[in-house]
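# Descriptive structure summary
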Amino acid sequence: MNVIEINGLTRKFGDFTAVDDVSFNVEKGSIFGFLGPNGSGKSTCIRMLCGLLAPTSGTATVNGFDIVKQSEQVKQSIGYMNQAFSLYRDLTVEENLTFFGGIYGLRGKELADRRSKVTDLVGIRSYANRRAGDLSGGWKQRLSLAAALIHEPPLIFLDEPTAGIDPVARRELWDLLFELASSGKTLFVTTHYMDEAERCNQIGYIYLSKLVLKGTPHELKELPEVCPPHTKRIAIATLSPAPALSALKTQPFAVDVTLVESEIHLLMPDDTKNQTVLDAMEKAGTPGYNVRDVEPSLEDVFVLLTRELARKMP
Amino acid sequence: MNSMYGFQSIALKEFLHLRRDVTTLVIALAIPVIQLILFGYAIDFDIRHIRTMIVDTDRSPASRQFIDNLRTTDYLQIVSEAHNPMEAEDALRRGDVRVAVIIPPDFGRISGSPFGNRPQVKVMIDGSDSQVALRARMAFVRPATSGAEAGVDVRFNIMYNPDMRTATFMIPGLIGVILQLVTVALTSFSLVREREQGSLEQLMVSPVGRLGLMIGKLVPYACLALIEVVMVLTLGRLVFDVHVAGSVALLFLLSIPFVVATLSLGLLISTVAKTQAAALQFTILITLPSILMSGFIFPRDTMPGCLYLLTFLLPVTYYIEILRGIVVRGAGFFDVWPSLAALLVIDCVLIAVATARFRKTLV
């Protein structure tokens, strides 16, 4: 079953087309990663799906509601969590949750129950009486998530939910997101972190206002643009990765070279011998060792695809 | 380290900010021009054209001669005529006229009599604005020198503020002006702050209605403003001995539409202003001229035509009318209802425009 169905969605601002004929579906219970460079049209797309902005053409339904004709029902049935902390800093955790429950029509005991439930879900009970402005970044994001969940929406939009928080808080937030997804909620997440993208069931990649690909992380890595026929991808350890990278880039056999952690990832014709590469590195004074075959990372996918697209589009 | 270190870069950077921030630049340049023009025209200590009513119960050639002589003075402007003194009193209490001249039925007979008796004319003056009242009296001094009227015995009756105290006149006006300043600033900040901290977007994705958001923002500040009304009135009484001649309950009730108007004006500002600093500038831009033009200090009647018409657009104009009516002249509901009607119209227009503008400014 699809929670989101998008058909030819387009939004123009004057001459500029921010979202250009985008179509895709999001399945119930999935974590959908919506990726793309800054300014590619992600936010405009989310704004339309949340009923904030009317599309210039095309249609979409969210939880079965038409985003134009039934925008009020759409709003009632979604949660929204923004990258910037956007709750009230001068109100306490509990007051913020009471307020957001209230504007979704919750009253009395029902409100108290839901508040208690989300407070425990994100584990923020010990801070219930603290001012939201005094919380650290990670706790602020948990509070935002709790506020987005209080009316029990089946679908939650998370716009860069982990931007600017520390790695531990980031991991914990993702654990929460997995928990939500396993309880049947659908998560629509934007992120620039590749490790987060790896965790999504489905990925949509938007580039220059167009949705250029969609699939599972595994499917994306097998795309011909990422793994061209008759090529292979190897990882080489080296003590001086940066000079090694520059040296390898100029080699005729290098289709693509990049650094992943402190290893060189090299895409090259599959008839190139590993020894040829090691010799070239030796010669450049940056010896390599410990060569092995690797899968492309999602970063490889996006970098290669973006490069390919930039080449095709003038 | 030299404490002037970096001066050039800072100054240059500030110039760049100024050039980019068009709102600030326009307001900074527009305020002096607008204020100069307004101050220049609106501040006119030479009060003329005081609205005057004539009650001529005599209708003799002598009374007409007397009225014609009054017409020639610049101070008075005869705007209406009535048949009995009761009507004059009503018009004064409503604030329609400031002066009423009542000519007795025996005016012509006495002035024409050979016994040298002087006919009496009763002049009722609204003393709530002492400057206006003083000028009005002068109007009757001048014709006395011109022969024909030398024999008229003018009896002045200063109504409402017989001592012609400035405080009685100023305090009610101050209430209006202070309230406006505070309330416009209160709401103009509130929405801009939500936008700046990002919570506005969070609200927009929720089912909160636009009107619900607007009215919800108005009510708490309106309560605060009404507390201020009570505070200022109490202070006016305790410190400046200004008593409310009319009904305090009515005054309180009629304060509500005014406060709603100024708070809505604040909301309208916050749909235009992008930052809290800009909101503050807009607030100054709007409240400063209205202090001058509302009749708070300078009588509106003496303002040149287009400025006078502008005063009708300001909510505080009507509120000051209401305040002076109830506090000084003891006016009742039926005396001030036109001002109330005007405020209600302004309320509806401001809320409608602010609500309509609101959606556009978000995206």
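Note that the structure is a prediction, hence the values are computed from the model and not measured. (Residues numbered from 1 in each chain as written. Chains lettered and ligands numbered in written order. Predicted model: local features only at pLDDT ≥ 70, side-chain atom pairs only at ≥ 80, totals over all residues.)

On to the sheet that holds strand β2 (residues 76-82) of chain B. All names here are of chain B. In spatial order, the strands read β2-β1-β3-β4-β5; together these 5 strands make up an open sheet with mixed pairing. Each having just a single partner strand, β2 and β5 (153-159) make up the two edges of the open sheet. Sheet twist, expressed as the average angle between the axes of neighbouring strands with direction ignored, equals 25 degrees. When strand β3 (residues 99-103) meets strand β4 (residues 120-126), the two strands line up antiparallel, connected through 4 bridges. The partner of I102 across the bridge, within β4, is K122. Set on the sheet, helix α6 (residues 130-141) makes contact with β1 (50-56), β2, β3, β4 and β5; between it and β4 the angle comes to about 160 degrees. (Pairing = 2+ DSSP bridges. Helix = DSSP H or I, 4+ residues; strand = E, 2+ residues; numbered from the N terminus. Axes fitted to C-alpha atoms, helices over the stretch in contact; angles between N-to-C directions. Contact = placed C-beta atoms within 7 Å.)

A few words on the interface of chain A and chain B. Listed per partner, the contact involves 16 residues of chain A and 11 residues of chain B. Here the side of chain A that touches chain B takes 3 residues from helix α2 (residues 71-76) of chain A, the largest share from any one element. Looking at the side of chain A that touches chain B residue by residue, the class counts come to 9 nonpolar, 3 polar and 4 charged. (Nonpolar A, V, L, I, M, F, W, Y, C, P; charged D, E, K, R; others polar.)

A common way to state how big an interface is: give the accessible area lost once the parts meet. Segmenting chain A into domains produces domain 1 (2-220) and domain 2 (228-295). A straight line from the C-alpha centre of domain 1 of chain A to that of domain 2 of chain A covers 40 Å. (Domains from an automatic or database assignment.)

What follows covers helix α1 (residues 42-49) of chain A. All names here are of chain A. Within α1, 7 of the 8 residues are buried, which leaves it mostly tucked inside the rest of the structure. Burial in α1 covers these residues: K42, T44, C45, I46, R47, M48 and L49. G51 sits one or two residues past α1 and shows a positive phi near 80 degrees. (Buried ≥ 20, exposed ≤ 12 C-beta atoms within 10 Å, placed from the backbone.)

Once that is clear, we can look at the domain arrangement of chain B. Residue and element names in this part refer to chain B. Split into domains, chain B comes out as domain 1 (50-159) and domain 2 (166-362). Each side of the interface is counted separately: domain 1 has 9 residues, and domain 2 has 12 residues. Put simply, the parts of the chain that give the side of domain 1 that touches domain 2 at least two residues each are β1, α4 (85-94) and α6. Counted by class, the side of domain 1 that touches domain 2 contains 2 nonpolar, 3 polar and 4 charged residues.

The subject of this paragraph is the nonpolar core. Counting 70 residues, the largest nonpolar core has L49, A146, I156, L187 and F188 of chain A as the members making the most contacts within it. Discounting residues that sit within four places of it in the chain, F188 of chain A has contacts with V26, F32, F34, L155, I156, F157 and L158 of chain A. Counting residues in each nonpolar core, the second largest holds 53 residues, with V184, A222, F282 and Y318 of chain B among its members. (Core = buried A, V, L, I, M, F, W, Y, C linked by C-beta atoms within 7 Å.)

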